[in-house]
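Observations on chain architecture
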Amino acid sequence: MHHRVAIVTGAGSGIGRAVALALGEAGWSVILAGRRREALEETAALGGAAMRAVPCDVTDPLSVDALFDAAVQAFGRVDLLFNNAGVSAPAVPLDELDVDRIRALLDINLLGSLLCARAAMRAMKRQSPQGGRIINNGSISADRPRPHSAPYTTSKHAITGLTKSIALDGRAYGIAAGQIDIGNAVTDMSAVQGQGAPQADGRIVAEPMMDVAHVARTVVHMASLPLEANIPFMTVMATNMPLFGRG
């Protein structure tokens, strides 16, 4: 089997960093993408020689194309895209949220994912052997929203449609698509849930959390399957978090 090459977006912290390091430990060469060079280089230092930091703005098509060109130039191909870059918005009623904040969230979470998937599919079609895998970071919020989360929920609901479309359109080219929906992994972005998250009944409740390492191991498992097998959707969550019965 040829050497496996992954691109991880949002690799400077949180889930992206954890997944990138786990892929490196599993023998992958990893291109670390994100807007903050210093954070990417910190991840690379933790992961060793198989890591390359490539600053990228996922909302800019030229920047995304340059990211994938850099991966091909460095390692010859792209076998995996972990489409992970994303942001949240303040938990306030939609009618009180600034339009620029909504637009910025959709640009990163949705447009960024589309642009990266577009570039990945182009690279995977052209390379030999053809094919690869795209894993999108969705969210349990895609179908079970939290209070006052309309922009985030909308973006993640759309990611589910993107995953299904890639699975269909990539079939003829050996491109598999999957999605991981994560609930309450400990990262800087999710820390608020462990301190107190709004519930549907108006209460603020500290929710159970899980180590982000469980997410990283799950993505590595999804990524390591042969292309003849695929996990289209996977949920990994803190066991006792209030998911079922929510919404």
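See above for the structure.
What comes next concerns the included structure.

Analysis parameters
- Residues numbered from 1 in each chain as written.
- Predicted model: local features only at pLDDT ≥ 70, side-chain atom pairs only at ≥ 80, totals over all residues.
- Heavy atoms only, no water.
- Pairing = 2+ DSSP bridges.
- Helix = DSSP H or I, 4+ residues; strand = E, 2+ residues; numbered from the N terminus.
- Axes fitted to C-alpha atoms, helices over the stretch in contact; angles between N-to-C directions.
- Contact = heavy atoms within 4.5 Å.
- Buried < 20%, exposed > 50% of the residue type's maximum accessible area, 1.4 Å probe, protein only.
- Arc of directions from axis to C-beta.
- Expected span 1.5 Å × (residues − 1).
- Bend = angle between axes of the 7 residues up to and from the residue.
- Polar contact = N/O pair within 3.5 Å; in protein donor to acceptor, adjacent residues only side chain to side chain.
- Right-handed = clockwise from strand over helix to strand, strands pointing away.
- Salt bridge = Lys/Arg side-chain N within 4 Å of Asp/Glu carboxyl O.

On to the sheet that holds strand E5 (residues 132-137). Taking strand neighbours across the sheet as the criterion, the seven strands line up as E3-E2-E1-E4-E5-E6-E9 in an open arrangement whose pairing is parallel. Only two strands of the sheet have a single neighbouring strand rather than two, namely strand E3 (51-55) and strand E9 (233-237). Neighbour-to-neighbour, the strand axes of the sheet open up by a mean angle of 20°, direction not taken into account. Both strand E4 (residues 80-83) and E5 contribute to a ladder of four bridges, which runs parallel. Residue Leu-81 lies in a different strand from E5, and its bridge partner there is Ile-134. Across the sheet, helix H4 (residues 99-126) touches strand E1 (5-9), E4, E5 and strand E6 (175-183), and the angle it forms with E4 is around 175°.

A few words now on helix H2 (residues 37-47). Those residues of H2 lying buried are Ala-39, Leu-40, Thr-43 and Ala-44. Down the axis of H2, the smallest arc covering the buried residues is 140°, so these residues share one side. Along H2, exposed side chains directed more than 90 degrees from the buried face belong to Glu-38 and Ala-45. On its buried side, H2 packs onto helix H1 (14-25), strand E2 (29-34) and E3. Following H2 by one or two positions, Gly-48 has its phi on the positive side, about 90°.

Spanning 28 residues, H4 covers 39 Å between terminal C-alpha atoms, matching the ideal 40 Å at 1.5 Å per step. Along H4, the sharpest change in direction is near 35° and occurs at Asp-107.

With respect to the element layout, Asp-143 can be found in the loop between E5 and helix H5 (150-169). Expressed as a C-alpha distance, the spacing of Asp-143 and Arg-17, which sit 126 residues apart in the sequence, is 26 Å. Only 3.4 Å separates the side chain of Asp-143 from the side chain of Arg-144, close enough to count as a polar contact.

What follows covers the pairing of E5. Within E5, six of the six residues are buried, leaving the element largely enclosed by the surrounding structure. Across the two faces of E5 the burial is the same, with Gly-132, Ile-134 and Asn-136 and Arg-133, Ile-135 and Asn-137 all buried. In terms of handedness, the path from E4 via H4 over to E5 forms a crossover that is right-handed. Where E5 and E6 come together, six bridges link them in parallel fashion. Note that in E6 the partner of Ile-135 across the bridge is Gly-178. Handedness of the crossover joining E5 and E6 through H5 is recorded here as right-handed.

In this section: the pattern of salt bridges. With the rule as written, the count across this model stands at seven salt bridges. Close ionic contact of Asp-65 with Arg-122 constitutes a salt bridge, the shortest N to O distance being 3.4 Å. Separated by 57 residues along the polypeptide, Asp-65 in helix H3 (residues 61-75) and Arg-122 in helix H4 bring together distant segments of the chain. On the basis of relative accessible area, Asp-65 is assigned to the partly exposed category, the value being 23%. We note a salt bridge from Glu-207 to Arg-146, for which the minimum N-O separation is 2.8 Å.

Where a strand is regular, its side chains alternate between the two sheet faces. The buried fraction of E2 amounts to six of the six residues, a majority that puts the element mostly inside the structure. Bridging between E1 and E2 involves five bridges; their strand directions are parallel. Bridging across to E2, Ile-7 finds its partner in Ile-31. Pairing analysis gives five bridges linking E2 to E3, with the strands arranged parallel. Paired with Ile-31 across the two strands is Arg-52, which belongs to E3. After leaving E2, the chain enters H2 and then returns to the sheet as E3, a path that is right-handed.

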